[in-house]
Amino acid sequence: MRTIRIAPSLLSANFGRLAQAAKEAEEAGAEYLHFDVMDGRFVPNITMGPAALQALRPVSSAFFDVHLMIVEPERYLEDFRRAGADGITVHVEACTHLQRTLAHIRSLGAKAGVALNPATPPEVLEYVLEDLDLVLVMTVNPGFGGQEFLPTMLPKIEQVHQLVTHVAHPIAIEVDGGIDVHTAPQTVARGANVLVAGTAIYHHPEGVSAGVRALRRSVEGLR
Ligand SMILES: O=C(CO)[C@H](O)[C@H](O)COP(=O)(O)O
Ligand SMILES: [Fe+2]
């Protein structure tokens, strides 16, 4: 049975009480904490920087999973690693020298991830498979929480699964955008094993803990 990890996205939490939001998610059993970093250029929205990670690092031992939706991400890798990032994911669409950027992330001691926008085909990964630890398949167009899951991404998850399955080291497949109890099982059935969820966890009517547990239950028993 594969291990499925849950990555609550702080983007949907109350920014006035991020520490509480991080603690609640971890206490509910979430292994990852997902940080959506947006610069107003790669995506229209502006969110948080390394200072947010640094402030939360002492209150959480979860895996800090940083999703950089910024242009020239190579300029900020050290800052995010120093602030407490365990994994750093860059968008292939934002990197001129993707292999170099991934090698740089690993040289800092962090896991290296590549994110693909919905319109980006998985073939772009072909020559960097040895250099990455995680592929993030965006299941919405990046920029905002609360968007509707794109079912056209399901075959892409399967294609990514095919690509990574023969690589000698483990490569995680993360899905991000519109993930809830209905869409999560569909992605896991196609090979996803890290589930990012903002709205489904932080806006769950019965609270964060119920949100994490419901998501976990929805994928129980799936391979
Ligand atoms: O990267 C993101 C948006 O660009 C977020 O991680 C994602 O949208 C999570 O929010 P939700 O679960 O509400 O869709
Ligand atoms: Fe994200």
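Basis of the calculations
Along each chain, numbering runs from 1 in the same order as the chain's sequence is written. Working convention: letters from A go to chains and numbers from 1 go to ligands, in the order in which they are written. Given that this is a predicted model, residues contribute local features only at a pLDDT of at least 70 and side-chain atom pairs are listed and counted only at 80 or more, while totals for whole chains, interfaces and linings are drawn from all residues. The helix count covers DSSP runs of H or I at least four residues long, the strand count covers runs of E at least two residues long, and both are numbered beginning at the N terminus. Taken over C-alpha atoms, the radius of gyration is set against a globule rule of 2.2 Å times the number of residues to the power 0.38. Exposure criterion: with C-beta atoms placed from backbone coordinates, a residue whose C-beta has 20 or more other C-beta atoms within 10 Å is buried, one with 12 or fewer is exposed, and one in between is partly exposed. Put simply, a nonpolar core is buried Ala, Val, Leu, Ile, Met, Phe, Trp, Tyr and Cys residues tied into one set by C-beta atoms within 7 Å. Note on contacts: residues are paired as contacts if their backbone-placed C-beta atoms lie within 7 Å. Note: the arc covers the axis-to-C-beta directions of the helix. Residue proximity rests on one test: whether the C-beta atom, placed from the backbone, lies within 6 Å of the molecule or strand. Three classes are used, and their members are as follows: Ala, Val, Leu, Ile, Met, Phe, Trp, Tyr, Cys and Pro are nonpolar, Asp, Glu, Lys and Arg are charged, and the others, Gly among them, are polar. How far a helix is expected to stretch is found by multiplying one less than its residue total by 1.5 Å. UniProt positions are given in the numbering used here, feature names are shortened, and annotations may be inferred rather than shown by experiment.

Colleague: Would you mind going over the overall build of the protein chain with me for this structure?
Modeller: Within the protein chain, the regular secondary structure consists of eight helices and eight strands. Taking 17 Å as the expected radius of gyration for a compact globule of 223 residues, we find that the protein chain reaches 16 Å, a close match to that expectation. For the C-alpha atoms alone, the extent of the protein chain along its principal axes is close to 45 × 35 × 30 Å. Burial statistics for the protein chain: of 223 residues in total, 45% are counted as buried.

Colleague: Help me understand the nonpolar core, please; the structure alone is not making it clear to me.
Modeller: Side chains of nonpolar character tend, in soluble globular proteins, to be buried together. Counting 69 residues, the largest nonpolar core has L33, I88, V135, V137, I173 and L195 as the members making the most contacts within it. Setting aside chain neighbours within four positions, we find I173 in contact with V135, V137, I157, V160, H161, V164, G191, A192, N193 and V194.

Colleague: Quick question: what am I supposed to make of helix α1 (residues 18–27) here?
Modeller: In an α-helix, one full turn covers 3.6 residues, which means residues spaced three or four apart are oriented alike. Those residues of α1 that fall on the buried side of the exposure criterion are A21, A22, E24 and A25. For α1, the arc enclosing every buried residue in end-on projection is 165°, short of the 170-degree limit, so these residues lie on one face. Opposite the buried face of α1, at more than 90 degrees from it, the exposed residues are A19 and E27. Against the buried residues of α1 lie β1 (5–8), β2 (32–38), α2 (50–56), α7 (199–202) and α8 (208–219). In the stretch just after α1, G29 is the one whose phi turns positive, near 105°.

Colleague: What should I look at first to understand the site of ligand 1 in this one?
Modeller: As a matter of local geometry, ligand 1 sits amid 23 residues, with S9, P142, G145, G198 and T199 nearest to it. Within the residue set of the shell around ligand 1, elements represented by two or more residues are β2, β3 (63–69), β8 (194–197) and α7. Its residues assigned to classes, the shell around ligand 1 shows nine nonpolar, twelve polar and two charged.

Colleague: I keep staring at α8 and nothing clicks. Help me out?
Modeller: Helix length check: α8 (twelve residues) gives 17 Å between terminal C-alpha atoms against 16 Å at 1.5 Å per residue, within 8%. Along its buried surface, α8 packs onto β1, α1, α6 (183–189), β8 and α7. Just past α8, the residue G221 takes up positive phi, approximately 85°.

Colleague: Looking at this structure, I do not really get the UniProt feature "binding site: substrate" (unreviewed entry) in the protein chain. What am I missing?
Modeller: UniProt feature "binding site: substrate" (unreviewed entry): in the numbering of this structure it lies at S9, H67, G143, F144, G145, G146, D176, G177, G178, G198 and T199. Positionally, G143 belongs in the loop between β6 (134–138) and α5 (154–164). If sequence neighbours within four positions are ignored, G143 has contacts with M38, V43, P44 and N45. As for its placement among the helices and strands, G145 is situated in the loop between β6 and α5.

Colleague: Would you mind showing me how to read the UniProt feature "active site" (unreviewed entry) in the protein chain here?
Modeller: Mapped onto the present numbering, the UniProt feature "active site" (unreviewed entry) falls on D36 and D176. Considering the C-alpha atoms alone, the annotated residues occupy 141 residues of sequence yet fold into one spot, their largest mutual distance being 10.5 Å. Mapping D36 onto the fold places it in strand β2. Residue classification places D36 among the buried positions, given that 24 C-beta atoms sit within 10 Å. On the basis of neighbour count, D176 is assigned to the buried category, with 26 C-beta atoms found within 10 Å. Not counting residues up to four positions away in its chain, the partners in contact with D176 are H67, L136, M138, T139 and V196.

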